[in-house]
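Okay, here's what each chain looks like letter by letter:
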Amino acid sequence: MRPRGLIVGGWAITALTFFALIVFVFLKVPEAQPQAGGLAQKIFYFHVPAAYALYLCGGVCFIGSALYLYNPSDKSDAWAKAGAECASAFGGMVMVSGPLWAKKAWGVYWTWDPRLTSLLLSILIYVALVVLRAFAGSGDAERKFAAAFGILGTAVLPIVHYSVQLWGGNHPKVLKANGGGGLQDPAMVQALLAGFFAMTLLAALLLTLRAQLALSQARLLRAEELAPEPNG
Amino acid sequence: MNQDKPAIGTAEDRAQEFKAVTGGNNETSSAEGLLITAYVLMWAILMGFLFVTFRRQAAVDKRLSDLERALPKRPDA
């Protein structure tokens, strides 16, 4: 049985968290210095948590894919598929917000910086995986190929994460954990932490929703295979 | 000098012809515009993703109920 109350409650908490975060970011968090993009720097409080959610969904895709290769089941395949789909969605969010901020901070929408290039590659792998799952059928061979592809997509994520430390480029480090100078105002830190919390909730809900959908689709396919012909 | 001149200039001060320049002003985008565009696009992606998910779930549910109706009824049911 689907825990409907839990899911509805989860959506309500997520919506409220996002509403509070938007109000806080726009009304309380101070503007950053012009070199960081000034007012456009406020994109940061959603851009970075969306990238983190992409990592999270990539991790789920990796675990689901590895489990499917080890012991094939509809459940592990559904989570792998859901992980790739959600990673693509969060990747899209990162890819639209980043260039708009970069336009103000760097003067250009896009540059072939190591972080941007490796992230684009990673997102394209997840998009390719989603397209593959949509058009290549649901046979065991296709699922195994998709699982291997899912593992490859997630294997690129550590390269994305450490690309700034390894090869430099335009992309800022900012966070102290990444060797940057950190956020210099407590409200900025609070907004970022709230952003991480909100995106974690959103990622968990989207993953659950898509995994349930993938599982329902797999069960429907099996039921259609087993069902007798109308005139048979 | 030019202290009594309005800040915005007079009609005569405005450009009456266009010339090509190099290294012009790069400030073509306002921070407010970029910020709002980023937020709108991010939410649009999320809403689109949710819409597709619910539409697909509804299609699967409909197909399942069609399948249940098509199944022959068991005599003891």
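Here the structure is a predicted model, which is why all the values come from computation and not from measurement. (Residues numbered from 1 in each chain as written. Chains lettered and ligands numbered in written order. Predicted model: local features only at pLDDT ≥ 70, side-chain atom pairs only at ≥ 80, totals over all residues. Heavy atoms only, no water.)

Trainee: Could you give an account of the overall build of chain A, naming the residues involved and the relevant values?
Mentor: Scanning chain A from terminus to terminus reveals seven helices and zero strands. Going residue by residue from the N terminus, the α and β elements of chain A occur as α-α-α-α-α-α-α. Across its three principal axes, chain A shows a C-alpha extent of roughly 75 × 40 × 30 Å. Within chain A, contacts between residues at least 6 apart in sequence are counted, and of these 77% link residues at least 24 apart. (Helix = DSSP H or I, 4+ residues; strand = E, 2+ residues; numbered from the N terminus. Contact = heavy atoms within 4.5 Å.)

Trainee: Give me the lowdown on a nonpolar patch on the surface, citing residues and values where you can.
Mentor: Together, A:Phe19, A:Val23, A:Phe26, A:Leu27, B:Ile36 and B:Val40 make up a nonpolar patch on the protein surface, roughly 590 Å² of accessible area in all. Counting residues per element, the ones that place at least two in the nonpolar patch are α1 (4–27) of chain A together with α1 (31–70) of chain B. For the nonpolar patch, the element with the highest residue contribution is α1(A), accounting for four residues. Here A:Phe26 shows up in helix α1. (Patch = residues over 30% accessible without salt bridge, like charges linked within 9 Å, V, L, I, M, F, W, Y side chains within 5 Å. Areas by Shrake-Rupley, 256 points an atom, 1.4 Å probe, with all protein chains shown as cover. Salt bridge = Lys/Arg side-chain N within 4 Å of Asp/Glu carboxyl O.)

Trainee: Describe the packing of aromatic side chains, and please don't skip the residues or the numbers.
Mentor: The final tally for this structure, using the stated rule, is nine aromatic pairs over all chains. Aromatic pair A:Phe18 and B:Trp43: ring centres 5.2 Å apart, planes at 85°, arrangement edge-to-face. Here A:Phe18, found in helix α1, pairs with B:Trp43, found in helix α1, and the two come from separate chains. With centroids separated by 5.9 Å and ring planes inclined at 15°, the aromatic side chains of A:Phe145 and A:Phe149 adopt a geometry described as stacked. (Phe/Tyr/Trp six-rings, centres within 6.5 Å; stacked < 30°, edge-to-face > 60°.)

Trainee: Give a description of the side chain of A:Lys42 that names residues and reports values.
Mentor: By the secondary structure assignment, A:Lys42 is in the loop between α1 and α2 (44–70). Buried charge without a partner: A:Lys42 forms no salt bridge, and the closest opposite charge is A:Glu31, 6.4 Å away. Once residues lying within four places of it in the same chain are set aside, the contact partners of A:Lys42 are A:Val25, A:Phe26, A:Val29, A:Pro30, A:Glu31, B:Leu35 and B:Tyr39. (Buried < 20%, exposed > 50% of the residue type's maximum accessible area, 1.4 Å probe, protein only. Lys, Arg positive; Asp, Glu negative; His and termini not counted.)

Trainee: Describe the interface of chain A and chain B, with residues and values.
Mentor: Across the contact, 39 residues belong to chain A and 29 residues belong to chain B. On inspection of chain A and its partner chain B, the count reaches zero salt bridges. Across the chain A-chain B interface, the total number found is two residue pairs in polar contact (both at pLDDT 80 or more). Within the residue set of the side of chain A that touches chain B, elements represented by two or more residues are α1, α2, α3 (74–105) and α7 (186–226) of chain A. Its residues assigned to classes, the side of chain A that touches chain B shows 25 nonpolar, seven polar and seven charged. (Polar contact = N/O pair within 3.5 Å; in protein donor to acceptor, adjacent residues only side chain to side chain. Nonpolar A, V, L, I, M, F, W, Y, C, P; charged D, E, K, R; others polar.)

Trainee: Describe the pattern of salt bridges, naming the residues involved and giving the relevant values.
Mentor: All names here are of chain A. Per the counting criterion, the structure on display carries eight salt bridges over all chains. A salt bridge links arginine 222 to aspartate 74, with the nearest nitrogen and oxygen atoms 2.8 Å apart. Separated by 148 residues along the polypeptide, arginine 222 in helix α7 and aspartate 74 in helix α3 bring together distant segments of the chain. A relative accessible area of 18% means that aspartate 74 is categorised as buried. With a shortest N-O distance of 2.9 Å, glutamate 85 and arginine 210 are connected by a salt bridge. Taken together, the positions of glutamate 85 in helix α3 and arginine 210 in helix α7 put the pair 125 residues apart, joining distant regions of the chain. Relative accessible area serves as the criterion here: at 9%, glutamate 85 is assigned to the buried category. A relative accessible area of 3% places arginine 210 in the buried class.

Trainee: Give a detailed account of the nonpolar core, specifying residues and quantitative values.
Mentor: Counting residues in hydrophobic clusters, the biggest one holds 60 residues, and the most contacted among them are A:Tyr45, A:Phe46, A:Phe90, A:Met199 and A:Leu206. Sorting the residues of this core by element identifies α1, α2, α3, α4 (114–135), α6 (157–167) and α7 of chain A together with α1 of chain B as the ones contributing at least two each. Per-element accounting of this core gives the leading share, twelve residues, to α7(A). (Core = buried A, V, L, I, M, F, W, Y, C linked by side-chain atoms within 4.5 Å.)

Trainee: Give me the lowdown on the environment of A:His161, citing residues and values where you can.
Mentor: Within the secondary structure, A:His161 sits in helix α6. Put simply, A:His161 and A:Phe18 are 143 residues apart on the chain and 25 Å apart in space, counted from C-alpha to C-alpha.

Trainee: Account for the confidence of the model for chain B, with residues named and values stated.
Mentor: All names here are of chain B. Per-residue confidence for chain B gives a mean pLDDT of 76, with 62% of residues at or over 70. Within the model, pLDDT remains below 50 along residues 1–6, and this stretch shows one contact once partners closer than five positions in the same chain are excluded. ipTM for the predicted complex: 0.85, alongside a pTM of 0.83. (pLDDT = per-residue confidence, 0-100.)

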